[in-house]
Every structure is written in C-alpha cells, then in structure tokens.
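# Fold and contact review
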Number of protein chains: 2
Amino acid sequence: MSSAQGTSQPFTDLLRLKPGPVDLTAIETNAAPGYDGDKKSGKADLWAIGEELFDLQQRLFAGKDDGQRSVLLVLQGMDTSGKGGTLKHTVGLVDPQGVKITSFKAPTKEELAHDFLWRIRKGVPGPGMLGVFDRSHYEDVLIVRVRELAPHDEIERRYAAINDFEQELVDSGVTLVKCMLHISPDEQKARLLDRLADPTKHWKYNPGDVDERERWGQYRAAYEIALERNNTEHAPWHVIPADKKWYRNLAIGSLLLETLRRLDPQWPTADFDVEAEKKRLTDEAPIS
Amino acid sequence: MSSAQGTSQPFTDLLRLKPGPVDLTAIETNAAPGYDGDKKSGKADLWAIGEELFDLQQRLFAGKDDGQRSVLLVLQGMDTSGKGGTLKHTVGLVDPQGVKITSFKAPTKEELAHDFLWRIRKGVPGPGMLGVFDRSHYEDVLIVRVRELAPHDEIERRYAAINDFEQELVDSGVTLVKCMLHISPDEQKARLLDRLADPTKHWKYNPGDVDERERWGQYRAAYEIALERNNTEHAPWHVIPADKKWYRNLAIGSLLLETLRRLDPQWPTADFDVEAEKKRLTDEAPIS
C-alpha cells in the first residue's frame, strides 16, 4: 500500500478538512479516498501497518518519563458511525499499556455543575500515551446545540473556548487527531435495523438514538458549524467517510501512523552508565 | 488444547495457591504446569483462545449498564517478571473499550497523605469492565516491608485491611484474579542484561531495580507472607511460573478465560419493544 510506504502521508492530506465553510452533503460517506483496493485488501493493509504502528507507539511510550509528547485521537460521529469499532480495530493494534480511552456519556450532575471542559481535562493523556476520546467536548456544541441544553450565548462562547483549550493542549505536548466519522442516514438505518435483528446486539441499541436520528439535519448543521469554527491549524478536523467500516478503520489507523511518523519519537538514551551496570550485574555476589 | 475445551479449568485448579504457609523456593519458575506443548504450540494455543476470550469479554461489557460484574486482574512480580508483556499478549486480545489498566508507581506525596488503599480504589473497574492492576496494593506490604517505608505495626495492620478491602470488592461485584509472576533470580539477571545490551530497551532499565534485586531473599519472604495471609477463599492467589514468557501468557490468558466462563455473562435482554422499534424505523419519514 503506497500510503504505508516512506514518508508520504496521503490520508492526512486527503482527509484533513480545508479551512472555510463546511458542507457535509458534499462529502461522500461511501467513498474510499486515497485507496483503490477493496475490502479484503483494505483489511490486509490495515493489518500490515500494525507492526510499524506498534513500534512507533512503543517509542512514544518509552519517552513517558522524558517529557515525551502524547497523541489524542478524538472520535465524533452520529450513533452507529463506528467509534467503538474504530477503537477495536485500530487502537487494538497497539500496546494496551500505553493507551488511555475515555468515553464521554451524558454528563452527570457533578459534571454539569462545572465548566464543560472540566470533565474533559481528566481524560487528557499524559506524556507518551495514546489517548482516545470516544465522544468529546464537541458534544457540548452538538447535542447541546440541537437539544438546546445550554443558553445560546454559552454555546456560542464554547467554540472559541474549545480553540483555546486545544491550543493549550498542543502547547503542553498533546498532538490532536480529530476525526468525524461521516455516515449517511441510510447507512445508520441499516445498522440500527441490524442491531435490532440480532439479540447479541440489542445492548447497543437505544431507542433514544432514533429520536436523535430524526433531527439528522439539525445535527448536520451543528457539525458543520463546529467543523468550520474548530478547524484550526493547531488542531485540524478530518472527515472520514465511514459507510465502509474497513475504510474507516484503514483511514484512522493510517492517520495515527502518519501522525506518529511526523512526531518521529526516538528511543530515550540511557541516563545511567550502561557499562557500569553490566559490570555490576556480572560481578554481583550470588543471589538466591 | 485440553485446557481451552469444555468447562474444565485446569489452569485455575493447578495455579491457585493452596491455603497455608508458602515456600516459593518449592515452586518451580521454569515449569509449565498443565501444559505439555512447547513454545510454538503455546503461542498458537493462546491465539486460539483469543476468540472465546473476546466473545466473553464482550458479553461482560454488554452488561455494563445492568449491574454486570467486573473482573480485576492483579499482576505482581519482581522487576522484569513480565507484567507489561502479559498486558500486551493477553489483555491485548480483547476489546480495548472494555479494559481499564492502572499502573501503580511509587506513591506521590498526595497519595502518601491518604490511607494506602485511597489510590487503589480509583483504579477499581466499573461494571462490565476488565480492570488490570500493574502492581497494586500489594506493594504496600512488599517494597514497603522490605524497605521499612512504614512503621511495622502499620504494615502488619495492612494484611487484614487488604482482606477486608478485597471482600468489599467481591461483594460489590468485582471478581479478582490475583497473579504472582514467579521468576528466578537467574532469569531476572538474563533479562536485565538483555535490556542493557539493546539500546531500544534502555528505557526499561532502572539501576534501582538492581538495588531491589540485591534484596531478593527479603522480597521472597515478603511475598510469602502476603501470599499466605491474603490467600483467601474470596480472592485467592495464583503463582505463575514465569521464566517461560509464552507459558506465563498462556496461563494468564487461560485464567482469564476460565474466570469469564465461570461468570458466564449473558447478553442483556432488550428493555425496549424490539418489534415496535423495527416498525418505527421502517415506517419513518424520509431523512436527509
């Protein structure tokens, strides 16, 4: 796969949202930009980048005590768009020790009593970690906007607050990879019906999801506003065509890979005398 | 592999520590109890149980909103005994969404200002989760005992406090799988020298580990006391021969599998009208 070779970064280049107004209806949900293979080769190519992804993440993690940067993958999308599946198939490729996943549900009373970013800050990955947000602070300008769960002025204030927050993250060593999983309403319907048809998937089905689905146009508008206003140089958005699950996984796995390649984490150098330590071990008194 | 078939639980039966005084020198570190295959077949057999392990963990996770139990894997062992490797090779087989890993380092000043279990409680997995402790509250009766980091009376008090705490966990829905990774001093020496020989492993090497190594006998004694006093019916200890990395992984993967089989988590039943939801979706007005 050309995308996994050398230092080219086709997925980043193709999926990064251009600055300016956003029209999600103009972005195909069923496409596979930058990839001309099929489902079978897409799965094989994702598997094939696993080794490099693992190695780069190990290098990242190795620097955790040396002020290493961290990576934060932000996953947003309508219900069934595949946030959980992405976690399993891409984040599942790396060492679980270096991963910190935070799933944001409806805020608790305690969380609501604080600024909207209060609970988000707790999920920010420490040095060397790969953090993942399954939903995020963007809910506070998405469902909150559609459902009018906060005053209009407060919601309007949040876009700039998010840009400031993300700048603060970047300055403190966090590299963001923001991904909007873009599916069509037809694909969502098929996935919801699939969940209903299979008793082992009933737990994933929530009738409330259909209530939100009925406001699809409002959600799209809310996404377009956030995608435009929070598409900064320091923390750009990527829109991932997500009707094809295998492409979604390959694209996000590749974005992570390209991000880690850019960071180019190096194995830390020893802060101790390697030869002296070898000698200490080989010369030691018997231990039992 | 016989161990992965049917409802037998050979690893649990063989590795669970019998009640009474513990003599670690009498437990082989290089053995492979319950398994007569070699390294190659051991790796293949671990891989082979991956699918059932994944399925059972999905069932566990599916019940997270229905008061499901959780599983807490506690990993203890001397440096290089393979806590990180176990995480990668066994916990890495399941869905990262349902995993919560907590690594306990030397306590911070804030942590030291609280009871020793204060920081531990924050790592306890919620319903449906597979939690992992990479080191644990046992450090508070191991290094703390060897290094005399707390008054003798306080340390003596902790064994009963741990039993009470673990009983409280079990009563609140947490099933513990406590594993002591048992390696020989020679194997540790080989692994430390291996880390020194490879610059990509220098970050894993800490000269302080050798200081602890020099107190091997004291650590063994401290382990034996904890293994005896905290080997309860509700939270038994398992001693895992860990000189063979592949056996360690196979054994712990199998212990997790056998634990999940005993819990036998069932897919939650729908708390909504499945047919009504199907109808609602198929009859809906066009959405775009």
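If you check an unreviewed UniProt entry, chain A appears there as Polyphosphate kinase 2 family protein from Nocardioides islandensis.

Direction vectors running N to C along helix α12 (residues 274–282) of chain A and helix α8 (residues 185–197) of chain B enclose 160°, while the axes themselves pass 10 Å from each other. Considering the angle they form, α12 of chain A stands roughly antiparallel to α8 of chain B. Regarding α12 of chain A and α8 of chain B, the two cross each other, and that crossing is left-handed. Residues V274, E277, K278, L281 and T282 of chain A of α12 of chain A touch α8 of chain B, and the partners they reach there are K189, L192, L193, L196 and A197 of chain B. Its residues placed into classes, the contact of α12 of chain A with α8 of chain B shows six nonpolar, one polar and three charged.

Here the second copy of the chain follows from the first by a rotation about an axis and a shift along it. Rotating chain A by 180° about the axis while translating it 0.0 Å along that axis superimposes it on chain B, leaving an RMSD of 0.0 Å. Within this description, the copies of the chain are treated as partners about a two-fold rotation axis.

With that settled, the discussion passes to the interface of chain A and chain B. Residue-level contacts link 47 residues of chain A with 47 residues of chain B. Approximately 4300 Å² of surface area, both sides summed, lies buried where chain A meets chain B, with 67% of it carried by carbon and sulfur atoms. Here E284 of chain A makes a salt bridge to R213 of chain B, at a shortest N to O gap of 2.5 Å. Taken together, chain A and chain B are joined by 10 residue pairs in polar contact (both at pLDDT 80 or more). Elements represented by at least two residues in the side of chain A that touches chain B include exactly α2 (39–62), α3 (83–89), α8 (185–197), α9 (207–213), α10 (216–229) and α12 of chain A. Across the side of chain A that touches chain B, the residue classes break down as 25 nonpolar, nine polar and 13 charged.

This part is about the pattern of salt bridges. Scanning the entire structure with this criterion turns up 48 salt bridges over all chains. Linking D115 of chain A and R157 of chain A is a salt bridge whose minimum nitrogen-to-oxygen distance equals 3.1 Å. Of this pair, D115 of chain A sits in the loop between α4 (109–112) and α5 (118–121) while R157 of chain A is found in helix α7 (residues 152–171), placing the two residues 42 residues apart along the sequence. Residue class for D115 of chain A comes out partly exposed when judged on its relative accessible area of 40%. By relative accessible area, which is 38% here, R157 of chain A ends up partly exposed. A salt bridge links E154 of chain B to R157 of chain B; the shortest N-O distance between them is 2.9 Å. Pair noted here: E154 of chain B and R157 of chain B are both in helix α7 (residues 152–171), with a separation of three residues, about one helical turn.

Cut-offs and rules
- Residue indices follow the written sequence of each chain, beginning from 1 at its first position.
- Naming scheme: in the order in which they are written, chains are lettered from A and ligands are numbered from 1.
- Confidence filtering applies because this is a predicted model: local features only for residues at pLDDT of at least 70, side-chain atom pairs given and counted only at 80 or more, and all residues used for totals across whole chains, interfaces and linings.
- Heavy atoms throughout the structure, all of them, feed into the side-chain values; hydrogens and water do not.
- All axes here are fitted lines through C-alpha atoms, helices being fitted over the stretch that makes contact, and every angle between N-to-C directions spans 0 to 180 degrees.
- Secondary structure elements are defined from DSSP: runs of H or I of at least 4 residues count as helices, runs of E of at least 2 residues count as strands, and each element is numbered from the N terminus.
- Each angle receives one of four descriptions, namely roughly parallel if under 35 degrees, roughly antiparallel if over 145, roughly perpendicular if within 65 to 115, and oblique otherwise.
- Left-handed is the label given to a crossing in which the near helix is rotated counterclockwise from the far helix by less than a right angle, and right-handed is the label when the rotation is clockwise.
- Contacts are assigned to residue pairs with any non-hydrogen atoms lying within 4.5 Å of each other.
- Each residue is assigned to one of three groups, with Ala, Val, Leu, Ile, Met, Phe, Trp, Tyr, Cys and Pro labelled nonpolar, Asp, Glu, Lys and Arg labelled charged, and all others, Gly among them, labelled polar.
- To superpose the copies, least squares is applied to the C-alpha atoms of every residue with a pLDDT of at least 70 in both.
- We define buried area as the total accessible area lost by two parts upon association, computed with a 1.4 Å probe and summed across both.
- Between Lys or Arg on one side and Asp or Glu on the other, a salt bridge is scored when a side-chain nitrogen of the former is within 4 Å of a carboxyl oxygen of the latter.
- Two N or O atoms form a polar contact when they lie within 3.5 Å of each other; inside protein one atom must be a possible hydrogen donor and the other a possible acceptor, and for residues adjacent in sequence the pair counts only when both atoms belong to side chains.
- Any residue under 20% of the maximum accessible area for its type is buried, any over 50% is exposed, and the rest in between are partly exposed; the area is computed with a 1.4 Å probe on protein chains only.

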